[in-house]
Amino acid sequence: MATTARWTVEQVLALAPDAGSVRAARALARPGRWSDLGSNDSLVWGRCQGSAREPYQVTVDLTEPAFRCTCPSRKFPCKHGVALLLLWAGGNGSVADAAVAEFAAAWSHERAERAARSEARRQARAESPPDPEAQARRLAERRSLMTAGLDDFERWLFDLVRQGLAAARRQPFSYWDTAAARLVDAQVPALAERVRAMAGEIHRRPDWPDHLLAEAGRWYLAVRAWRQWDRLPEDVAGDLRTVLGWSRRGDDVLSGERIADRWHVIGLRQDEDERLLSQRTWLRGERTARTLTVLDFATAGGTLAVAQVLGSIVEAELAVYPGSPPQRARFTGDERVVGNAGGLLGAHSIAGALDAAASCLAANPWHYRTPMALAQVGVALGSNGRAGPAAAVVDAAGDGLPLAADPALWSLLALSGGGPVDLFGEWYDDRLHASSVVIEGRLVAL
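Just so it is clear, the structure is predicted and the values come from calculations on it, not from any experiment.

Parameters at a glance
- Residues numbered from 1 in each chain as written.
- Predicted model: local features only at pLDDT ≥ 70, side-chain atom pairs only at ≥ 80, totals over all residues.
- Heavy atoms only, no water.
- Helix = DSSP H or I, 4+ residues; strand = E, 2+ residues; numbered from the N terminus.
- Rg over C-alpha atoms; globule rule 2.2 N^0.38 Å.
- Areas by Shrake-Rupley, 256 points an atom, 1.4 Å probe, with all protein chains shown as cover.
- Lys, Arg positive; Asp, Glu negative; His and termini not counted.
- Charge placed at Lys NZ, Arg CZ, Asp CG, Glu CD.
- Salt bridge = Lys/Arg side-chain N within 4 Å of Asp/Glu carboxyl O.
- Buried < 20%, exposed > 50% of the residue type's maximum accessible area, 1.4 Å probe, protein only.
- Core = buried A, V, L, I, M, F, W, Y, C linked by side-chain atoms within 4.5 Å.
- Expected span 1.5 Å × (residues − 1).
- Contact = heavy atoms within 4.5 Å.
- Axes fitted to C-alpha atoms, helices over the stretch in contact; angles between N-to-C directions.
- Parallel < 35°, antiparallel > 145°, perpendicular 65-115°, else oblique.
- Left-handed = near helix turned anticlockwise from the far one by under 90°.
- Nonpolar A, V, L, I, M, F, W, Y, C, P; charged D, E, K, R; others polar.
- Pairing = 2+ DSSP bridges.

S.K.: In this structure, what is going on with the overall build of the protein chain? I would like to understand it.
M.R.: On a plain count of helices and strands, the protein chain comes out with 13 helices and 16 strands. The C-alpha radius of gyration of the protein chain comes to 24 Å, within 12% of the 22 Å expected for a compact globule of 446 residues. Principal axes of the C-alpha set define a box for the protein chain whose edges measure 70 × 60 × 50 Å. Summed over its atoms, the accessible surface of the protein chain is roughly 21600 Å², and 51% of this surface lies on carbon and sulfur atoms. Computed over 52 positive and 54 negative side-chain charges, the inter-centroid distance for the protein chain is 4 Å.

Structure (structure tokens):
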């Protein structure tokens, strides 16, 4: 997505991963903290003096946008990247057109080479069609391996239930890690991740017995559904592939359903562990009223391409993964920003949002995260005693939803002042995790 237009400060701040990064970036957006500042049609770069001896090298590729900074921060984009864009967007002359700095040129060249290699591999695959017999053989081997692994996992589940859920809480972490490792060996990585996560959740959650029982039921349902694989409808098969972790080739997705629309970027959410950084970009179509999510991944500490800017409107065609709504999608490569949204598209009452969430769960029993766009809700704050604050969002009808007590809660309170606002978030773990809010006619990240 090529761009030469200077961004607004609001567009830059929408990229920040949280409110703390916004405050830190504003403090750093002063020319005196920077050297070697410059820009051209596609890049912005500069060096920022931080706590290290050498200044941090910061570069932003405006065509994604994509970021690189030599600081040790694990946030993406980091405060230095946001601060650099704030200086550039301010238009005060501190970031002027200049010859590309060596460090910025090297990073841009490396990205171009990676893109060229990827395109070359794609063209090579297109020019040399795969051997159908070899494909069938590999598919049969994969399915055989998955079947054996899921059969073994079913026996493990039977043992888990036979011993009783109370006994499961006394098991060491190795108990869960061993079961997860066997699933990884069977090429069922997503299910393995859910099993591994349970080792911590049964000690962290007060409702751990209910949670473990519900998850074990979903795991067992996945095992039984796998045995009916050849008879599953396409959308159910797509949901099962997701919960098992059987990924699809990009070319297969691009050859499937495509939807062209004006897409509003209504929410961004990032998750990170010691190995992987991921981002979900939630999109809402003007004409189709479809809600889709685009996933981006990077290794921990790596560069994550920010798909779009929160609050922007993107004219684009998306390729949609098979499955039940809300579906995953990917851009087909020809998108352009055509404006900024004046609010939150598709906002419902809480009753309407719960009806939509129930429909998602009825269609896909493995469904985990439900996007919720809520109209004119206020925040009610109480106390859970020693457990800390208890918060909820309440609409004009008096309906309420519990709100996760995470840093976004305090940002929401500060921005809204407790008054009614349009709010977007993800519903999971029986809590709404707020992501963005409409303040003075624009979407703001929390």
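S.K.: What am I meant to see in the pattern of salt bridges here?
M.R.: A side chain of one charge can pair with a side chain of the opposite charge when the charged atoms of the two come close. Scanning the entire structure with this criterion turns up 23 salt bridges. Notably, a salt bridge pairs Asp-207 with Arg-205, separated by 3.0 Å at the nearest N-O pair. Relative accessible area serves as the criterion here: at 28%, Asp-207 is assigned to the partly exposed category. Here Arg-258 makes a salt bridge to Glu-317, at a shortest N to O gap of 2.9 Å. Placement of the pair is Arg-258 in strand S5 (residues 258-272) and Glu-317 in strand S8 (residues 312-320), with a sequence separation of 59 residues. Arg-258 sits in the partly exposed class, given a relative accessible area of 39%. Under the relative-accessibility criterion, Glu-317 is labelled partly exposed at 28%. Taken together, the shared-partner salt bridges in this structure form one network comprising Asp-151, Glu-154 and Arg-227.

S.K.: So what exactly am I meant to see when it comes to the nonpolar core here?
M.R.: Where a protein is soluble and globular, its nonpolar side chains tend to be buried together. Counting residues in hydrophobic clusters, the biggest one holds 51 residues, and the most contacted among them are Leu-85, Trp-88 and Leu-318. Among the elements that take part in this core, helix H3 (residues 79-90) stands out by supplying eight residues, more than any other. Membership of the second largest hydrophobic core comes to 35 residues, among which are Trp-176, Ala-180, Ala-186 and Ala-216.

S.K.: In this structure, what is going on with helix H9 (residues 208-226)? I would like to understand it.
M.R.: Helical geometry note: an α-helix holds 3.6 residues per turn, so side chains three or four residues apart project in the same direction. Compared with the 27 Å implied by 1.5 Å per residue over 19 residues, the 27 Å span of H9 between its first and last C-alpha is a close match. Residues Trp-208, His-211, Leu-212, Glu-215, Ala-216, Trp-219, Ala-222, Val-223, Ala-225 and Trp-226 constitute the buried set of H9. Summarising the contacts, the buried residues of H9 are in contact with helix H5 (132-163), helix H6 (165-169), helix H7 (173-185), helix H8 (189-204) and helix H10 (234-244).

S.K.: Mind showing me how you'd approach the packing of H5 against H7 here?
M.R.: How two helices pack is summed up by the angle between their axes together with the distance between the axes. Where H5 contacts H7, the two axes come as close as 8 Å, and the packing angle between them is 160°. Taken together, H5 and H7 sit at an angle that is classed as roughly antiparallel. With respect to the hand of their crossing, H5 and H7 are arranged in left-handed fashion. Across the interface between the two elements, Leu-145, Gly-149, Leu-150, Asp-152, Phe-153, Trp-156, Leu-160 and Gln-163 from H5 touch Tyr-175, Trp-176, Ala-179, Arg-182, Leu-183 and Asp-185 from H7. Per-class residue counts for the contact of H5 with H7 are nine nonpolar, two polar and three charged.

S.K.: Can you walk me through the sheet that holds strand S2 (residues 43-48) in this structure?
M.R.: Sheets are built from strands paired through backbone hydrogen bonds, the pairs being either parallel or antiparallel. Within the open sheet, the four strands sit side by side as S1-S2-S3-S4. Their pairing is antiparallel. Edge positions in the open sheet fall to strand S1 (34-39) and strand S4 (66-69), since each of these has one partner strand only. Between one strand axis and the next, the sheet turns through 10° on average, direction left out of account. Bridge analysis of S2 against strand S3 (residues 56-61) gives six bridges, and the strand direction is antiparallel. Bridge pairing in S3 links Arg-47 to Gln-57.

S.K.: Looking at this structure, I do not really get the pairing of S2. What am I missing?
M.R.: When a strand is regular, its side chains alternate between the sheet's two faces. Of all six residues in S2, five are buried, a share of seventy percent or more. As judged from the four bridges shared by S1 and S2, these two strands associate in the antiparallel manner. Each bridged residue has a counterpart across the sheet, and for Gly-38 the counterpart in S2 is Trp-45. Hairpin connection between S1 and S2: a loop of three residues separates the two successive antiparallel strands.

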